[in-house]
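Listed below are the residues making up each chain.
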2 protein chains.
Amino acid sequence: MSNIVDFDDYFNKSLDIRNFNAPKNIIAIGQINPISGDFQYNAEKICRYIKLAISLGIKTIIFPSNSLGGHFIEDIIKRHPQVENECKKWLNGIAEISEGITVILGYINNNIAVIRDKELKEIYTEAKDFCITDDKITGSKIVINFALTESKGANILDTHDKLSCAAKENSLPVIYVNSVGATDNISYIGSSAVFDNNGELIYRAKAFEEQFCVIDTEKKGILHRLPVNRKNSEKFSLDYEYDLERTYLTVKQGIKDYFAKCGLKRAVLGLSGGLDSTVCAVLLADALGKENVCGISMPSEITSRESKSDAKQLAENLGITFKEAPIKQMVDVTSECFGDLFKKLENSFGGRYEVSYTRDNIQARLRAMYLYGVSNEFASCIPIATSDKSEAYMGYATINGDMSGGFAPIADITKTKLFALARWLNKNREQKDVIPVSVINKRPGAELAIDPKTGKPLCAEDALMPYEFLDEIIWRVENYGESYYEMLNSEFLYEKNNSVPAEEKRNWLDKFFRRMSSALYKWTILPPSIIVEQNGINSSEYNQPVTSGRINYKSTVQDEINLFCKEI
Amino acid sequence: MSNIVDFDDYFNKSLDIRNFNAPKNIIAIGQINPISGDFQYNAEKICRYIKLAISLGIKTIIFPSNSLGGHFIEDIIKRHPQVENECKKWLNGIAEISEGITVILGYINNNIAVIRDKELKEIYTEAKDFCITDDKITGSKIVINFALTESKGANILDTHDKLSCAAKENSLPVIYVNSVGATDNISYIGSSAVFDNNGELIYRAKAFEEQFCVIDTEKKGILHRLPVNRKNSEKFSLDYEYDLERTYLTVKQGIKDYFAKCGLKRAVLGLSGGLDSTVCAVLLADALGKENVCGISMPSEITSRESKSDAKQLAENLGITFKEAPIKQMVDVTSECFGDLFKKLENSFGGRYEVSYTRDNIQARLRAMYLYGVSNEFASCIPIATSDKSEAYMGYATINGDMSGGFAPIADITKTKLFALARWLNKNREQKDVIPVSVINKRPGAELAIDPKTGKPLCAEDALMPYEFLDEIIWRVENYGESYYEMLNSEFLYEKNNSVPAEEKRNWLDKFFRRMSSALYKWTILPPSIIVEQNGINSSEYNQPVTSGRINYKSTVQDEINLFCKEI
């Protein structure tokens, strides 16, 4: 370790590096957080890192893919070719300062530039994940992996396994350079790493932080902690513990970068006293600072006293701005006006439902109007969509209501994981127990309608199915692509502790596929939201036509199909 | 022509085909409109076409790509592998009935199946656009183009040119089989075509209609009309005439198929008396039937008497359901409640704007609430987002207001083209002049605020720039990828007839790129909308991170960049 200095804090504290002179085998990695299309901002970071490397006598520095252009600007360049010219100029500018050093720079659209001693030597277009450099570039043969795929975090351990194998098989060191920071939906984990030619992990950079890393490809260096623990079980489990820190950091970085890169500062959200808005408030306060978060309690007639006091308590605990703004008066006037219109339409338009969700939705929409009003009236402030993933699957969220907003922090986290996250936050944040216990203990419900059976606000699980069961369906579909019958014929975790009649299980599965098929439209208008899991329904990764709602997810017998085709 | 029968209306009228017996060289094309994932529905169509071909003694029938699975189900299959098994069973079912015929079927994910005499002979995965069949398959050598790219309509003439060249170069007949119907955003034009081995167009199927086509690859057949006329000029023009029929049919099919394939029947929209909602209403009435369209006039204090009477007149002309539902009372109560909240927040949260769009947006959002209320209360009915393309580029639309809805019919049509379309509709629909002339003659404006200079409702062009100029910027960016300076230094059509000071032109261009960069978020939550033009901003074709708003679209001097990099 004697040759390795950890430069993590170089740009904050000023380490004494005057006597450091990098020996051979020493390579630097610039693990930076680029902004898409902001060449000046990105180039400034790149140049600072290069200059530091030069001052240390380091002969090679590597930057992750898209470090100069930022991620996902392919389409921008197709429309605005001028932007690519501009990028080239910045590349030239970077070359100009690269005296006595080799810069290997993932610069734009998965293209890699090699700059040596002020000259742009080569550009590899459409680079593959693995690039083997020759002796001419770095002085020794190494493999560089530019993290073009699978760089988000949920499967970082699998990626590390693959890299280790690749190193061992080729008997060459492998350097894995990953971005950090979030671009809209994607929150990159960083954790750039080096494996020696035996496949042993000898260096790992910080997760979720920019870093100037100095590595020796032949000696063991610093292994920064990876906020991921491999889980043994391949079955669905309510024990999310191993993944909560990563989940928290992924979303926190996602919020922080979305706001910063959009030039926003503040968030306003409705605080219902329920789990979703509560967890969102904590995440926002941590990402943006408590002074930049405003929680509004907007009770209606259905809102319980407990919900109101939970919302207030949470805001006090967090120290965020909090106000109460009842919606009763607006609900009454709106309902009356709506009633007049519906009456007029009843005869001429026809087809009026006997029972509808109109009044439920009026409440959710007026609340969103309040929040958008605050956004309109107060600078640099956007409203937050608090929908979670279980609800997104079920379409259990109101259009222009709770599912609307400028950003959706938890749209890729299921309800049962949110419960676990809430408990984790109470234990692991510096300030303990900010989330009132009653929020974690009560059964979730939107408090938009009264359950005629109980006379109390309708619980979500009564309208849908137990969240534990629902979340296991989601887990099985996303991770194993299990079919209707595979799920029907295998035991769910929920069934271990609860007796579920076969009929009811079938009903729940039917309901899942039916509701999911009707929720497709809602998926298309979900605000930008941080991807947390693999294989979710975020529109930047998964596309399904809204008009494909008629898919039969069950299985049909071949003979029936043959008969159908024959008899047409 | 003696051997060719036009079977267009076969399934409607019952033609006498008992004596028809297809000679050699006769091939059938099944130009069908599939539903994504609905194998039974698609297989039924395919089987009916195959059976008809068999009954005619035809030895070969070709279906366009994705005819069995529908378009864009790749991601569905990745998540639900069971769906692919199901598709295979239906393929087997189709094979079972294919006695004495060769079926070349684009079935799923751009895979092509060849079935001959009840046997599944071959599957071509990842088929390219051009497939040359050998003598074994069709009895003679032909080229089949499965329209895997560029099949939407806006560039159908270019496609035909390429196909003609390909036929000539290879001295082989080319058969172009295209889908018809819309899948969410994409409205396929149909117009399957055949070119003989000299490159001459010898057959063209109907546009925007399903068709069973019988073609002779050696003889000239029927050339159905293509609703596209090639425009000579490569410059921006306000003469949209050549493209209005295609635009109309593209959107009409898009609306019709979205509703039908989603199991919807009816639409409700706000009728403001303005151009956007007026054109939407006509398109909806034509696509869904006037009995299925409900227009609501929702005047506020700012709404002019003319706007109200124009809305009513249009509804009467079209024969759609029409009601008036003023929003004044709701605006007043909401504004009062909002005022209370803002006052409370002023001190604790800070950063309140002196001037805001809050009241403008309250009006737009309450109107959307009305429409969503109708959607909640009346069966099979969704609200319509009436935003146009010029507004989408400028972000000149209210979130959860006029830009929200279940479907956005005109989001890919610019304002100047909409004016032309309105005039065209008045001339070319069976029922003439349904659109009141005053709608076409007045200057567009949202009527959400009063212009302090004139004391009248604010006009959009005063807030933005002349639509003719704006739409030319959009045209230049989308068609030529022109840069800021290229536009600044060349003459716009608008400048031919109006004197524009250089300063003002710069301001307008600056405003365009500034407003566009702030509108990126709005693009992500735009409801499903029909793509009309090439290279638009529809999220199914164009992706730009919301966080890329800081792109500098102008050009920087290399020396300045070098200096910047040096001085860091």
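Residues numbered from 1 in each chain as written. Chains lettered and ligands numbered in written order. Predicted model: local features only at pLDDT ≥ 70, side-chain atom pairs only at ≥ 80, totals over all residues. Heavy atoms only, no water.

**Concerning the interface of chain A and chain B**
Facing 126 residues of chain A, the contacting portion of chain B comprises 126 residues. Roughly 10700 Å² is buried in total at the junction of chain A and chain B, and carbon and sulfur atoms are behind 62% of that figure. Ranking the residues of chain A by area buried against chain B places R79, F349 and T547 of chain A at the top, with a combined share of 8%. Here chain A is connected to chain B by four salt bridges. Here R352 of chain A ties to E377 of chain B by a salt bridge, and the two come within 3.0 Å at their closest N and O atoms. (Contact = heavy atoms within 4.5 Å. Buried area = accessible area lost by both parts, 1.4 Å probe. Salt bridge = Lys/Arg side-chain N within 4 Å of Asp/Glu carboxyl O.)

**Some thoughts on empty space enclosed by the protein**
Remark: the empty space left among the atoms is shown by a probe the size of a water molecule rolled over them. Enumeration according to the criterion identifies twelve cavities of 30 Å³ or more in this entry. Approximately 150 Å³ is the volume found for the largest cavity. Lining the largest cavity are 18 residues, and of these N400 and I525 of chain A together with N400, S404 and I525 of chain B sit closest to its centre. Among the residues forming the lining of the largest cavity, the class breakdown is twelve nonpolar, six polar and no charged. (1 Å grid on protein atoms, 1.4 Å probe; cavity = no way out; pocket = protein on both sides within 12 Å on 5 of 7 lines; lining within 4 Å. Points joined across faces, edges and corners; volume = space filled by probe spheres on them. Nonpolar A, V, L, I, M, F, W, Y, C, P; charged D, E, K, R; others polar.)

**Considering the pattern of salt bridges**
All names here are of chain B. Applying the stated criterion across every chain yields a total of 69 salt bridges over all chains. A salt bridge links K206 to E209, with the shortest nitrogen-to-oxygen separation between them at 3.6 Å. Given the relative accessible area of 16%, K206 is considered buried. Owing to a relative accessible area of 41%, E209 belongs among the partly exposed residues under this scheme. (Buried < 20%, exposed > 50% of the residue type's maximum accessible area, 1.4 Å probe, protein only.)

**So, the packing of aromatic side chains**
Under the criterion given, the structure shown has 44 aromatic pairs over all chains. Ring geometry for Y49 of chain B versus F63 of chain B: centroids 6.4 Å apart, planes at 40 degrees, classification tilted. Residue Y49 of chain B is located in helix α1 (residues 39-55), and its partner F63 of chain B is located in strand β2 (residues 60-63); the two are separated by 14 residues in the primary sequence. When its relative accessible area of 5% is taken as the criterion, Y49 of chain B is described as buried. Judged by its relative accessible area of 0%, F63 of chain B is buried. Among the aromatic residues, those joined into a ring-pair cluster are Y393, Y484, Y485, F512, F513, W523, Y542 and Y553 of chain A. Over the aromatic face of Y41 of chain B sits the side chain of R550 of chain A, whose NZ or CZ is 5.8 Å from the ring centroid. (Phe/Tyr/Trp six-rings, centres within 6.5 Å; stacked < 30°, edge-to-face > 60°. Helix = DSSP H or I, 4+ residues; strand = E, 2+ residues; numbered from the N terminus. Lys NZ or Arg CZ within 6 Å of the ring centre and 35° of its normal.)

**Details of the relation of the copies chain A and chain B**
You can overlay chain A on chain B at an RMSD of 0.0 Å; the transform is a turn of 180 degrees with a shift of 0.0 Å along its axis. Classification of the inter-copy transformation places it as that of a two-fold axis. Scanning chain A for the C-alpha nearest the rotation axis identifies I525 of chain A, at a separation of 2.3 Å. Both copies share a contact surface, since 100% of the interface residues of chain A are interface residues in chain B too. (Least-squares fit on C-alpha atoms with pLDDT ≥ 70 in both.)

**Considerations on the environment of S277 of chain A**
Residue and element names in this part refer to chain A. With respect to the helices and strands, S277 occurs in helix α7 (residues 275-288). We classify S277 as buried; its relative accessible area is 4%. In this structure the side chain of S277 is engaged in a polar contact, spanning 3.2 Å, whose partner is the backbone nitrogen of S272. (Polar contact = N/O pair within 3.5 Å; in protein donor to acceptor, adjacent residues only side chain to side chain.)

**A look at the pairing of strand β3 (residues 102-108) of chain B**
Residues and elements named next belong to chain B. The element β3 is extensively covered by neighbouring structure, given that seven of its seven residues are classed as buried. Sheet topology places β2 next to β3; four bridges connect them, and they run parallel. Looking at the pairing, I61 lines up with V103 of β3. Sheet analysis places β3 next to strand β4 (residues 111-116), joined by six bridges and oriented antiparallel. The residue bridging T102 from the neighbouring strand is R116, located in β4. Connecting the antiparallel pair β3 and β4 is a turn made up of two residues, with N109 showing a positive phi of about 50 degrees. (Pairing = 2+ DSSP bridges.)

**Describing the environment of K442 of chain A**
Residues and elements named next belong to chain A. Structurally, the position occupied by K442 is in the loop between α13 (437-441) and α14 (460-463). In sequence terms K442 and Q534 are 92 residues apart; their C-alpha atoms lie 29 Å from each other. Among all residues touching K442, those that are not within four sequence positions of it are G273, G274, E306, S307, D310 and F419. Within the structure, K442 has its side chain in polar contact with the backbone oxygen of G273 (distance 2.9 Å).

**Some thoughts on the sheet that holds β2 of chain B**
Residue and element names in this part refer to chain B. Overall, mixed pairing links the six strands, which are arranged β5-β4-β3-β2-β1-β13 in an open sheet. Single-partner strands in this sheet number two, and they are β5 (119-124) and β13 (211-216). Averaged over all pairs of adjacent strands, the angle between their axes in this sheet comes to 20 degrees, without regard to strand direction. In this fold α1 packs onto β1 (26-31), β2, β3 and β13, with an angle of close to 155 degrees to the strand it touches most, β2. (Axes fitted to C-alpha atoms, helices over the stretch in contact; angles between N-to-C directions.)

**Concerning the sheet that holds strand β2 (residues 60-63) of chain A**
Adjacent strands of a sheet form backbone hydrogen bonds with each other and so pair up, either parallel or antiparallel. All names here are of chain A. Across the sheet, six strands lie side by side as β5-β4-β3-β2-β1-β13; this open sheet has mixed pairing. Each edge of the open sheet carries a strand with a single partner, namely β5 (119-124) and β13 (211-216). Across the sheet, the mean angle separating the axes of adjacent strands is 20 degrees when strand polarity is ignored. Strand contacts of helix α1 (residues 39-55): β1 (26-31), β2, β3 (102-108) and β13, with the helix running at about 155 degrees to β2, the strand carrying the most contacts. Packed onto the sheet, helix α3 (residues 81-97) meets β3, β4 (111-116) and β5 and runs at close to 165 degrees relative to β3.

**Points about helix α8 (residues 305-318) of chain B**
All names here are of chain B. Compared with an ideal rise of 1.5 Å per residue, which puts 14 residues at 20 Å, α8 spans 20 Å between its outermost C-alpha atoms and is within 8% of the ideal. Residues of α8 that are buried: S307, D310, A311, L314, A315 and L318. The buried residues of α8 all sit within an arc of 130 degrees when viewed along its axis, so they share a single face. Looking at α8, the residues exposed on the side facing more than 90 degrees away from the buried face are R305 and E316. Of the surrounding elements, those touching the buried residues of α8 are α7 (275-288), β15 (293-297), β16 (321-324) and α13 (437-441). (Expected span 1.5 Å × (residues − 1). Arc of directions from axis to C-beta.)

**A few points about the packing of helix α10 (residues 358-377) of chain A against helix α10 (residues 358-377) of chain B**
What describes two packed helices is the angle between their axes and the distance between those same axes. Packing of α10 of chain A against α10 of chain B leaves a shortest axis separation of 10 Å and a crossing angle of 165 degrees. One way to sum up the angle between α10 of chain A and α10 of chain B is to call them roughly antiparallel. As α10 of chain A packs across α10 of chain B, the resulting crossing turns out to be right-handed. Only T358, N361, I362, R365, L366, M369, Y372, G373, N376 and E377 of chain B of α10 of chain B make contact with α10 of chain A, whose side of the interface consists of T358, N361, I362, R365, L366, M369, Y372, G373, N376 and E377 of chain A. Looking at the contact of α10 of chain A with α10 of chain B residue by residue, the class counts come to eight nonpolar, eight polar and four charged. (Parallel < 35°, antiparallel > 145°, perpendicular 65-115°, else oblique. Left-handed = near helix turned anticlockwise from the far one by under 90°.)

**Observations concerning unusual backbone geometry**
Here the phi dihedral of D433 of chain A falls at roughly 50 degrees; this positive angle occurs in a residue that is not glycine. Positionally, D433 of chain A belongs in the loop between α12 (415-428) and α13. Owing to a relative accessible area of 54%, D433 of chain A belongs among the exposed residues under this scheme. Although it is not a glycine, S191 of chain B sits at a positive phi angle of roughly 60 degrees. Residue placement: S191 of chain B occurs in the loop between β10 (186-189) and β11 (193-195).

**Re the environment of K141 of chain A**
Residues and elements named next belong to chain A. Considering the arrangement of structural elements, one finds K141 in the loop between α4 (135-138) and β7 (143-145). In this structure K141 comes out as partly exposed when scored by relative accessible area, which is 46%. Note: C-alpha distance between K141 and L172 (31 residues apart in sequence) is 7.2 Å.

**A few points about the packing of helix α6 (residues 241-262) of chain A against α7 of chain A**
All names here are of chain A. Two numbers describe how α6 lies on α7: the axes approach to 9 Å, and their chain directions differ by 60 degrees. By the criterion of interaxial angle, the relationship of α6 to α7 is oblique. As for how α6 packs across α7, the hand of that crossing is right-handed. Listed contacts from α7 to Y248, V251, K252, I255, K256 and F259 of α6 are L283, L284, D286, A287 and L288. A class-by-class count of the residues in the contact of α6 with α7 yields eight nonpolar, no polar and three charged.

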